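# Observations on chain architecture
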Amino acid sequence: MTAVTAPVLSLTFASGTLELRGLDQGDAQVPQGCLWDPRTGCHRAPALAYADVLRALVRQQRAVDDRARAYVTLEHGLRVHREPRPYQAEALEAWLARGSRGCVILPTGAGKSQLACMAIDAKRRSTLVVAPTLELVRQWYDLLRTSFGVEVGVVGGGEHSVAPLTVTTYDSAYLHMEHLGGRFGLVVFDECHHLPSAAYSSAARMALAPFRLGLTATPERTDGKEALLTELVGPIAYRKEIVELAGDFLAEYDTERVEVELAPAERAEHDTARATYRGFVERHGIRMSSPRGWADFLIQSARSPEGREAMTAYRRQRELAFCAPAKLDFVEHLLARHVHQRALLFTADNATCYAVARRFLIPAITHQTKVKERSALLAGLAEGRYGALVTSKVLNEGVDIPAASVAIVLSGSGSVREHVQRLGRILRKQGGKRAVLYELVTAGTVETFTSERRREHVAYR
């Protein structure tokens, strides 16, 4: 009697999903996550489920023709080897122990990118690195090219070349992952706190990479969606805070909160403007702390002269808080005090940034600054041609400025992440430097509350 063998199943990658063929619609052994798709007459699952689907079929001892996987084994590993710091070796071991899936939380300046290179070297699979900005894409491109000695692909910023080692932005990953998702066995999500947004999370689901590494200094999000990282990347495999590494691996640092007062005339103008704005918000039942608060205020303020007056008042009270004359006077004192050190000044908006640049005749970097100009200005700071730079947010993430040892925060959001990232910009260890961050707060304004919120981190305790 001839034995009946189970049919060979086929697994293919199709537009960011997996198509499993060879199982009947009502088959009791369909792997979890696979749903019947009557349009194509097969079972379908997100590409993210690739590893789970394969493991389920192996447990069932079902033969499968895997046509989904298009990634390759890297012929060569690292060409440049750097002695890992103890916590980097610990982090890699912890990540590998979790099946090479998960997030590593390390402070800015602790060498997360070197850890990623170690992970790529350990797995030797085609790797896609996803970063939030083109500036970070450029840094990753240079790092991978010099570390592995191979040509590196770039997707984004007008380029589209795909190689076994490729770097892309989150935006480009969202646009192209349905075509690229089968070509990489490892995905590194740099600054992975960006990933839980609706668009970016769909890109993660369209990648079949069985190995995933998330890197960030602060995974927590104001919307609480950091819990999605467990599904999209994996659980937290390893975590170290700034205070645990300061001194040995990061520069020693101090933080100082400085309150400044508005002049009597400025105080009267601020309080009048704030009363106008708050009165409008309350009369229209707008909750500014809610996710839709700002959008509701924009809509309501555009509908009447009263609303436009409220918007003008809102902007004026912020302007007085963010760019108070007393703040600028104190900045002048700080720049003189630290005249022999390199300083970074942070603002919340371009207007304040340019006002500071004009007052102190220092270069400004905003989102409007072209890439080449930005690189030249940062090089000038590193080489000592400039003693200080002022910026509005664009240097919050991923910029290596080891020469800077002084940070002056004139204004910012209530985000803990933003504040920790700004601190991180001056913590790169260089010689025996001791860094200092000054946070300037205008007393009796919304900045007082904002300061309390953004200091809710162990780095400031």
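Just so we're clear, the structure is a prediction, and the values are computed from it rather than from any experiment.

Before going further, it helps to spend a moment on the overall build of the chain. A tally of helices and strands in the chain yields 16 helices and 19 strands. Once the C-alpha set of the chain is aligned to its principal axes, its extents read approximately 100 × 55 × 40 Å. Put simply, 72% of the contacts in the chain that link residues at least 6 apart link residues at least 24 apart. Accessible area of the chain: about 21100 Å², with a carbon and sulfur share of 52%. Distance between charge centroids for the chain: 2 Å, based on 59 positive and 52 negative side chains.

This next bit is on the nonpolar core. Residues Val104, Trp140, Leu144, Leu213 and Leu215 are the most contacted members of the largest nonpolar core, which totals 34 residues. Elements with a contribution of two residues or more to this core: helix 2 (86–97), helix 3 (112–123), strand 7 (127–131), helix 4 (134–148), strand 10 (165–169), strand 11 (186–190), strand 12 (211–216) and strand 13 (236–239). Looking at this core, the element that brings in the most residues is helix 3, giving six residues. Setting aside residues no more than four positions away along its own chain, Trp140 makes contact with Ser113, Ala116, Val129, Ala131, Val167, Asp190 and Leu215.

Restricting attention to buried positions, one finds in helix 13 (residues 350–360) the residues Asn350, Thr352, Cys353, Ala355, Val356, Ala357 and Phe360. For helix 13, the secondary structure elements touched by its buried residues are helix 11 (305–322), helix 12 (325–337), strand 15 (342–347), strand 16 (364–365) and strand 17 (388–392). The N-cap of helix 13, judged by a side-chain oxygen 3.2 Å from the amide nitrogen of Ala351 a few residues on, is Asp349. At the exit of helix 13 stands Leu361, carrying a positive phi of roughly 55°.

On to the pattern of salt bridges. If you walk through the whole model with that rule in mind, you get 24 salt bridges. One salt bridge in this structure joins Asp121 and Arg124, with 3.2 Å as the shortest N-O distance. Note that Arg385 and Glu383 form a salt bridge whose closest N and O atoms lie 3.0 Å from each other. Of the two residues, Arg385 and Glu383, both sit in the exposed class.

Attention now goes to the sheet that holds strand 16. Taking strand neighbours across the sheet as the criterion, the six strands line up as 14-19-18-15-17-16 in an open arrangement whose pairing is parallel. Strand pairing shows two members of the sheet lacking a second neighbour, strand 14 (252–260) and strand 16, which therefore form its edges. Here helix 12 sits on the sheet and contacts strand 14, strand 15, strand 17, strand 18 (404–409) and strand 19 (434–442); the angle it forms with strand 19, its principal contact strand, is near 165°. Lying over the sheet, helix 13 contacts strand 15, strand 16 and strand 17, oriented at roughly 160° with respect to strand 17.

Moving on to the environment of Asp52. Tracing the backbone shows Asp52 in helix 1 (residues 50–59). Each C-alpha atom of the pair Asp52 and Ile286 lies 46 Å from the other, and the pair is 234 residues apart in sequence. Side chain to side chain, Asp52 and Arg55 meet in a polar contact 2.6 Å long.

A regular strand carries its side chains on alternate faces of the sheet. In terms of burial, strand 6 (residues 101–105) is largely enclosed, as five of its five residues are buried. Residues Arg101, Cys103 and Ile105 point to one face of strand 6 and Gly102 and Val104 to the other, with burial holding for every one of them. Bridging between strand 6 and strand 13 involves three bridges; their strand directions are parallel. Each residue of the ladder has a partner; that of Ile105, found in strand 13, is Arg239.

So, about the packing of helix 2 against helix 3. A pair of packed helices can be characterised by two numbers: the angle between their axes and the separation between those axes. Put simply, helix 2 and helix 3 touch, their axes get as near as 10 Å, and they point 45° apart. The orientation of helix 2 with respect to helix 3, classified from their angle, is oblique. The handedness of the crossing between helix 2 and helix 3 is right-handed. Seen from helix 2, the contacting residues are Gln88, Ala89, Ala91, Leu92, Trp95 and Leu96; seen from helix 3, they are Gln114, Leu115, Met118, Ala119, Ala122 and Lys123. Residue composition of the contact of helix 2 with helix 3, by class: nine nonpolar, two polar and one charged.

Procedures and definitions
- Residues numbered from 1 in each chain as written.
- Predicted model: local features only at pLDDT ≥ 70, side-chain atom pairs only at ≥ 80, totals over all residues.
- Heavy atoms only, no water.
- Helix = DSSP H or I, 4+ residues; strand = E, 2+ residues; numbered from the N terminus.
- Contact = heavy atoms within 4.5 Å.
- Areas by Shrake-Rupley, 256 points an atom, 1.4 Å probe, with all protein chains shown as cover.
- Lys, Arg positive; Asp, Glu negative; His and termini not counted.
- Charge placed at Lys NZ, Arg CZ, Asp CG, Glu CD.
- Core = buried A, V, L, I, M, F, W, Y, C linked by side-chain atoms within 4.5 Å.
- Buried < 20%, exposed > 50% of the residue type's maximum accessible area, 1.4 Å probe, protein only.
- Polar contact = N/O pair within 3.5 Å; in protein donor to acceptor, adjacent residues only side chain to side chain.
- Salt bridge = Lys/Arg side-chain N within 4 Å of Asp/Glu carboxyl O.
- Pairing = 2+ DSSP bridges.
- Axes fitted to C-alpha atoms, helices over the stretch in contact; angles between N-to-C directions.
- Parallel < 35°, antiparallel > 145°, perpendicular 65-115°, else oblique.
- Left-handed = near helix turned anticlockwise from the far one by under 90°.
- Nonpolar A, V, L, I, M, F, W, Y, C, P; charged D, E, K, R; others polar.

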